[in-house]
Amino acid sequence: MKIRSLLGAITCAVAALSVTSTAYAADYKSEYKMSIVVGSAFPWGQGAEIWANLVKERTDGRINIKLYPGVSLVQGDQTREFTAIRQGVIDMAIGSTINWSPQVKQLNLFSLPFLMPDYAAIDALIHGEVGKQLFKHIEKAGVVPLAWGENGYRQLSNSKQEIKSPEDLKGMKLRVVGSPLYIDTFTALGANPTQMSWADAQPALATGAVDGQENPLSIYAGAKLYDVAQKYLTLWNYVADPLVFVVNKQVWESWTEEDRKIVREAAIEAGKQEIVIARKGVTPEDSSLLKEIEGHGVTVTSLTQEQHDAFVEVTKPVFEKWKKTIGADLVDQAQKDIAARKK
Ligand code: X2X
């Protein structure tokens with residue numbers, strides 16, 4: 001009798017265990033969709049691969065991630081990516097602060113012209129109080145932020161002529177990204193900006209529908225923009241866009257505490273590695289990528305202090321206008337942290 005009830009108890013326990021593990025597996029999707037704008041030929045896509053691989057390995061395949069480059073889950077319209085993450089069309093993403101600025105207006109901070117003079121300034125923002133506050137805004141908008149990465153300092157390319165002053169930009173047709181701040185900046189500079197997705201930008205450059213564009217050198221080189229007549233490149237470091245590693249809120253809540261920890265730590269590690277990759281070859285210490293670009297017959301223009309100051313001067317009203325939209329306190333905090341940065 002005793003043995004029988006013991007056996008019964010064991011059977012019940014085994015049954016309960018298998019029910020628990022079935023329920024647990026049922027909460028998890030067989031595949032999680034991760035959205036990115038550009039794939040593994042770019043630091044951005046490499047960061048996504050690193051994150052996805054770390055997660056798969058450390059969760060023993062419980063969290064299996066598939067990459068969707070070209071923001072294909074929103075038909076290439078990168079300005080709709082954030083909303084799609086919130087709605088669950090996208091489970092996870094690594095997105096540019098520019099592309100999510102229409103939904104989280106504080107992210108326009110990084111697009112304020114000439115706010116961040118060097119990499120130490122970017123680091124001071126993302127790893128400081130400003131980074132924390134921005135994560136709170138993203139969270140409030142309904143998405144779970146985990147880590148920072150980097151697209152990079154955005155440089156100006158065109159097919160017409162060397163750009164050394166705002167006058168050189170007069171009337172030039174330029175493709176810009178999805179935040180209206182960019183329209184204001186390039187209008188102030190005298191250019192003729194037009195907003196377009198990255199998917200549309202490449203054919204527009206190839207056909208000459210637009211004369212120029214602005215993007216980090218890793219994007220310029222990875223997309224071989226020198227092959228679509230973008231032979232003039234001005235290094236002006238006017239803005240830089242960080243990347244943010246995020247997860248849809250319901251997906252995040254469906255994971256166990258242990259798996260959330262794995263995903264968060266993997267995002268932080270992947271973000272660190274991605275930033276190193278993104279900065280490779282474009283610094284004074286290692287200019288290998290710039291040399292490669294020059295090897296394609298591209299005229300690379302660096303600005304003197306005086307030339308640089310002329311661009312800053314003309315874009316000041318845009319800075320002031322957008323400071324109000326972003327939040328004066330946040331911008332003041334950013335400027336304070338940049339002034340106090342360790343160089
Ligand atoms: O569209 C762009 O220019 C890109 C690829 O840099 C972003 O997604 C912000």
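Quick caveat, the model's predicted, so the values are computed rather than measured.

Draft legend 1. Highlighting the pairing of strand 2 (residues 65–68). One ladder, built from four bridges, connects strand 1 (residues 32–35) with strand 2; its direction is parallel. What sits directly across from Met34, in strand 2, is Leu67.

Draft legend 2. Layout of unusual backbone geometry. Within the chain, Val71 stands out as a residue other than glycine whose phi angle is a positive 40°. Mapped onto the elements, Val71 comes out in the loop between strand 2 and helix 3 (81–87). Unusually for a residue other than glycine, Phe114 sits at a positive phi of about 60°. Tracing the backbone shows Phe114 in the loop between helix 4 (97–100) and helix 5 (119–126).

Draft legend 3. Structural view of the packing of helix 13 (residues 305–326) against helix 14 (residues 328–339). Contact pair helix 13 / helix 14: the axes reach a minimum separation of 6 Å and the direction vectors enclose 115°. Relative to helix 14, helix 13 is oriented roughly perpendicular. Together, Phe319, Lys323 and Ile326 of helix 13 and Ala328, Leu330, Val331, Asp332 and Gln335 of helix 14 make up the contact between the two elements. Of the residues contributing to the contact of helix 13 with helix 14, the split by class is five nonpolar, one polar and two charged.

Draft legend 4. Region of the structure containing the site of the ligand. In the vicinity of the ligand, the residues found are Val37, Trp44, Gln78, Ser96, Asn99, Asn151, Arg154, Arg175, Val177, Trp198, Asn215 and Asp241. A distance of 2.9 Å separates an oxygen atom of the ligand from a polar side-chain atom of Asn99. At 2.9 Å, a side-chain N or O of Arg154 approaches an oxygen atom of the ligand. Computed on the free molecule, the ligand has an accessible area of 270 Å², of which 100% lies beneath the protein chains in the complex. Its residues placed into classes, the shell around the ligand shows four nonpolar, five polar and three charged.

Draft legend 5. Structural context of the confidence of the model for the protein chain. Model confidence for the protein chain is summarised by a mean pLDDT of 94, while 92% of its residues fall at 70 or above. Across residues 14–23 the pLDDT falls below 50, and counting only partners more than four positions away or on other chains, this stretch makes zero contacts in the model.

Draft legend 6. Representation of the environment of Ser218. You can see Ser218 is positioned in helix 9 (residues 217–222). Between the C-alpha atom of Ser218 and that of Gly281, which follows or precedes it by 63 residues, the distance is 8.9 Å. When residues no more than four places from it in sequence are discounted, the contact partners of Ser218 are Phe42, Pro43, Asn151 and Leu289.

Draft legend 7. Representation of helix 6 (residues 129–140) in the model. Across its 12 residues, helix 6 extends 17 Å between first and last C-alpha, which sits within 8% of the 16 Å expected from 1.5 Å per residue. Taken as a whole, helix 6 has its buried residues at Val130, Gly131, Leu134, Phe135 and Ile138. The buried residues of helix 6 occupy an angular sector of 135° when projected down its axis, which confines them to one face. Projecting away from the buried face of helix 6 at angles above 90 degrees are the exposed residues Lys132, Lys136 and Lys140. Packing partners of the buried residues in helix 6 comprise helix 3, helix 5, strand 4 (143–158), strand 9 (240–248) and helix 14. Following helix 6 by one or two positions, Gly142 has its phi on the positive side, about 100°.

Draft legend 8. Structural context of the packing of aromatic side chains. The final tally for this structure, using the stated rule, is 15 aromatic pairs. Residues Phe114 and Tyr238 carry aromatic rings whose centres are separated by 6.4 Å and whose planes lie at 65° to one another, so their mutual orientation is edge-to-face. Remark: Tyr238 occurs in the loop between strand 8 (232–235) and strand 9 and Phe114 occurs in the loop between helix 4 and helix 5; sequence separation between them is 124 residues. For the pair shown, Phe114 and Tyr238 are each scored as buried. Measuring from ring centre to ring centre gives 4.1 Å for Trp236 and Tyr238, while their planes differ by 20°; the resulting arrangement is stacked. Judged by relative accessible area, Trp236 falls into the buried class, the value being 3%. When its relative accessible area of 1% is taken as the criterion, Tyr238 is described as buried.

Draft legend 9. Molecular detail of the side chain of Lys323. In this fold, Lys323 is placed in helix 13. Residue class for Lys323 comes out buried when judged on its relative accessible area of 16%. For Lys323, the side chain forms a polar contact with the side chain of Asp332, separated by 2.9 Å.

Reading the values: rules and limits
- Every residue gets a number counted from 1 within its own chain, in the order that chain's sequence is written.
- Selection of residues for local features in this predicted model requires a pLDDT of at least 70, selection of side-chain atom pairs for listing and counting requires 80 or more, and totals for whole chains, interfaces and linings are taken over all residues.
- Side-chain measures here rest on the full set of heavy atoms in the structure, leaving out hydrogens and waters.
- Strands are treated as partners if at least two bridges between them are detected by DSSP.
- Only DSSP runs of H or I reaching four residues or more are called helices, and only runs of E reaching two or more are called strands; each is numbered from the N terminus.
- Lines fitted to C-alpha atoms define the axes here, with helix axes fitted over just the stretch in contact, and angles between the N-to-C directions of these axes take values from 0 to 180 degrees.
- We call two directions roughly parallel when the angle between them is under 35 degrees, roughly antiparallel when it is over 145, roughly perpendicular when it lies between 65 and 115, and oblique otherwise.
- In what follows, residue pairs with any heavy atoms lying within 4.5 Å of each other are defined as contacts.
- Each residue is assigned to one of three groups, with Ala, Val, Leu, Ile, Met, Phe, Trp, Tyr, Cys and Pro labelled nonpolar, Asp, Glu, Lys and Arg labelled charged, and all others, Gly among them, labelled polar.
- Only a single heavy atom is needed: when it lies within 4 Å of a molecule or strand, its residue is near that molecule or strand.
- In protein, a polar contact requires one atom able to donate a hydrogen and another able to accept it; more generally it is a pair of N or O atoms within 3.5 Å, and residues adjacent in sequence count only if both atoms are side-chain atoms.
- Every accessible area reported is derived by Shrake-Rupley at a probe size of 1.4 Å, with residue values counting cover from the shown protein chains alone.
- Residue-level confidence of the predictor is summarised by pLDDT, bounded by 0 at the bottom and 100 at the top.
- Any helix carries an expected span of 1.5 Å times its number of residues minus one.
- For the exposure calls, accessible area comes from a 1.4 Å probe over protein chains only, and a residue counts as buried if that area is under 20% of its type's maximum, exposed if over 50%, partly exposed in between.
- Within this analysis, the arc is defined by the directions that extend from the helix axis to the C-beta atoms.
- Ring pairs shown here join Phe, Tyr and Trp side chains whose ring centres sit within 6.5 Å, with only the six-membered ring taken for Trp; geometry is labelled stacked below 30 degrees between planes, edge-to-face above 60, and tilted in between.

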